Amino acid sequence: MIPFSPPRIDQKIIDSVTEALTSGWITTGPKTKLFEKNLTAYAGHVATLCVNSGSAGLELILRWYGVKEGDEVILPAYTYAATANVVVHCGARPIMVDSGDDFNISVEAVRQAITPRTKVVMPVDLGGYPCDYDEINALVKEDSIRLLFRAETAEQQQLGRILVLSDAAHSIGAIYKGRKTGVLTDITVYSFHAVKNLTTAEGGAICLNLPFPFSNEEVYKVLNTKSLHGQNKDALAKTQIGNWKYDIVEAGYKCNMTDIMASIGLVELDRYDNDNIVRRRQIFDTYAEAFRSDERFIVPEYFTDTKSSSFHVFLLRLRYADEEKRDAVIAAIFARQVAVNVHFRPLPLMTYYMKSGYYIHDYPVAWHNYCREISLPVYYDLTDEQVSTVISVVKEAVTEVLG
Ligand SMILES: *Cc1c(COP(=O)(O)O)cnc(C)c1O
C-alpha cells in the first residue's frame, strides 16, 4: 500500500528528540522559544507563540479578541471541523459561506455575510493555496463595513474593525504576492499536526502581525500567559533561585508546546524551504502534467503569477463524476493499494452542523467541488516510482468506474 501522508521521521529527527529528552528539560523551554524565534524569522511577522495544536491557537485568538455568545465568525463551509468548532466553543455562531473554483472562501460571499455581529473572518488556505488576501483585507477596512462593526472589548476597540484570522493549517511557506503566510493578515495560525507539511506530531503556532497601535510583543505576553493557566511565570522561570512565587492573573487555558515537540519542529523548519517544499512541488508538477492532458480530470490551481501553494494537498477533481461515482473511484484506487483521501466533507454535511441548521444546498460550489474531489498522496518520502504508480492507478480506477 502506498500510504497517504506518513511523517518524515529520519535519524536527524530522532537525534533531535533524543537530545531534548536527555537535556533535562522536556516541556516549554529553550527549544520552544528558539522555534518561535525561527518561525518569526521565517515568515517575517512580528512575534510567534507556539501552542499544542492549530485548533488551540485559533481558539486562543478568538478568546483573546473577546468572541462570545451573540457574535458571528465568518468561515468557509469547505474546511475541516476545527475552523468552526473553535467558534462554537466560544459560544459564537459560525457563519459558513461558499467557496470558489480554487476551493477557497469566496470574498463576495464574505461580503454578503457581514452583519453588525461579525467579529472575525477566518479564511482557510485550502490545500496550501493562499486566499485572495488583498480583497479580504480591503473588505474589512471599507468605511461602510467599519461603521457596522460594534466594538465591545478593549481589543475590538483598538482594532476598530473585523479581525482577519487566517487558518493557515495547510499553508506554512505558501506565498502571496511575494510574501509568506504569517504576514498576510492580522493573525495567522499554523498547524503542525502529523499529516501537515511541517510537523511536530501535534502542535501549532500563532503568528502575530497586528497593525498599529497594537504591540505584538505585548499581545504575545498576554497570549503566553493565557496558554499557561493565566500563570504569570512559566515553569522554566520558576526554577530560577528565589523565583518560586507565582500568581494567576486570569482563569487561563493549558495549551503550551513542549520542547520535545519543538525539537522536531526545529529540524523540520530548517530544511523546509530548500528540501521539503522543493520535493512537494516536484510531486505537484508531475501530477499536474499527467492529469492536465487527460480531459477526465481537473487539475487544481496551485501556482500563478501572484500565488504559490505550500503544496500540501493535491486536490484533483473528476470532471464527470458525482459523489457516488467518486466514492466508487476511491474504492477502486484503494483496491489497487494506493491510499487517497477527500479534503473535505463540507461542514454542513456533518451531523452536528446539519442539526445546527446548516444546509449543504446553500453552498453549491463547495458541494460541487467536494463531490468530485480526490486528494492524492504528497509527502517528502514519496518516490518518483510511487508517483507514477499513483498516476496510473488513478487513471485505471477512473476507466473502470466511469469508462
Ligand atoms: C488540521 C487543521 C486544523 C487544526 O489543526 P490541529 O493542529 O490538528 O488542531 C485547522 N484547520 C484546518 C483546515 C486543518 O486542516
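Remember, it's a predicted structure, so these values are computed and weren't measured experimentally.

**Comments concerning the sheet that holds strand E10 (residues 297-298)**
Spatial ordering of the open sheet is given by E10-E12-E13, a layout of three strands whose pairing is antiparallel. Sheet topology places E10 and strand E13 (373-376) at the edges, where each strand pairs with a single neighbour. Across two bridges, E10 lies against strand E12 (residues 314-318) in antiparallel orientation. The residue bridging phenylalanine 297 from the neighbouring strand is leucine 318, located in E12.

**Looking at helix H9 (residues 216-226)**
Along H9, the residues classified as buried are Asn216, Val219, Tyr220, Leu223, Asn224, Thr225 and Lys226. Tucked inside the fold, the buried residues of H9 contact helix H2 (30-43), strand E1 (47-51), helix H3 (54-64) and strand E9 (204-208).

**Observations regarding the domain arrangement of the protein**
As far as domains go, the protein holds domain 1 (11-270) and domain 2 (273-402). Taking the mean C-alpha position of each, domain 1 and domain 2 sit 27 Å from one another. Opposite the 38 residues of domain 1 that make contact, domain 2 presents 35 residues. For the pair domain 1 and domain 2, the two sides together bury roughly 3,100 Å², of which 54% comes from carbon and sulfur. When the buried area of domain 1 at its contact with domain 2 is split by residue, Tyr78, Tyr129 and Asn197 rank highest and sum to 24% of it.

**Considerations on the packing of helix H12 (residues 272-292) against helix H16 (residues 384-402)**
Put simply, H12 and H16 touch, their axes get as near as 11 Å, and they point 30° apart. With respect to their mutual orientation, H12 and H16 come out roughly parallel. As H12 packs across H16, the resulting crossing turns out to be right-handed. Judged by residue contacts, Arg279, Ile283, Thr286, Tyr287, Ala290 and Phe291 of H12 engage Asp384, Val387, Val390, Ile391, Val394 and Lys395 from H16. Split into classes, the residues belonging to the contact of H12 with H16 amount to eight nonpolar, one polar and three charged.

**Quick notes on the sheet that holds E1**
Pairing is mixed across the open sheet formed by seven strands, whose spatial order is E1-E9-E8-E5-E4-E2-E3. At either margin of the open sheet sits one strand with a lone partner, and together these are E1 and strand E3 (93-97). Going from strand to strand, the sheet's axes swing by 25° on average, the running direction of each strand aside. Across five bridges, the pairing between E1 and E9 is antiparallel. Its bridge partner lying in E9, leucine 49 is registered against isoleucine 206. H3 rests against E1, strand E2 (72-76), strand E4 (118-121), strand E5 (163-167), strand E8 (187-191) and E9 of the sheet, and its axis sits at about 155° to E8. Its contacts with the sheet put helix H4 (residues 81-89) on E2, E3 and E5, and the angle it makes with E3 is roughly 150°.

**Notes on the site of the ligand**
In the region of the ligand, 16 residues are neighbours, and Ser55, Asp167, His170, Ser191 and Lys196 sit closest. Side-chain polar atom of serine 191 to an oxygen atom of the ligand: 2.6 Å apart, as the coordinates give it. At a separation of 3.2 Å, an oxygen atom of the ligand approaches a polar side-chain atom of lysine 196. Taken by itself the ligand offers 380 Å² of open surface, and the protein chains cover 92% of this. Taken together, the elements giving at least two residues each to the shell around the ligand come down to H3 and H4. Partitioning the shell around the ligand into residue classes produces five nonpolar, nine polar and two charged.

Basis of the calculations
Residues numbered from 1 in each chain as written. Predicted model: local features only at pLDDT ≥ 70, side-chain atom pairs only at ≥ 80, totals over all residues. Heavy atoms only, no water. Pairing = 2+ DSSP bridges. Helix = DSSP H or I, 4+ residues; strand = E, 2+ residues; numbered from the N terminus. Buried < 20%, exposed > 50% of the residue type's maximum accessible area, 1.4 Å probe, protein only. Contact = heavy atoms within 4.5 Å. Domains from an automatic or database assignment. Buried area = accessible area lost by both parts, 1.4 Å probe. Axes fitted to C-alpha atoms, helices over the stretch in contact; angles between N-to-C directions. Parallel < 35°, antiparallel > 145°, perpendicular 65-115°, else oblique. Left-handed = near helix turned anticlockwise from the far one by under 90°. Nonpolar A, V, L, I, M, F, W, Y, C, P; charged D, E, K, R; others polar. Near = heavy atom within 4 Å. Polar contact = N/O pair within 3.5 Å; in protein donor to acceptor, adjacent residues only side chain to side chain. Areas by Shrake-Rupley, 256 points an atom, 1.4 Å probe, with all protein chains shown as cover.

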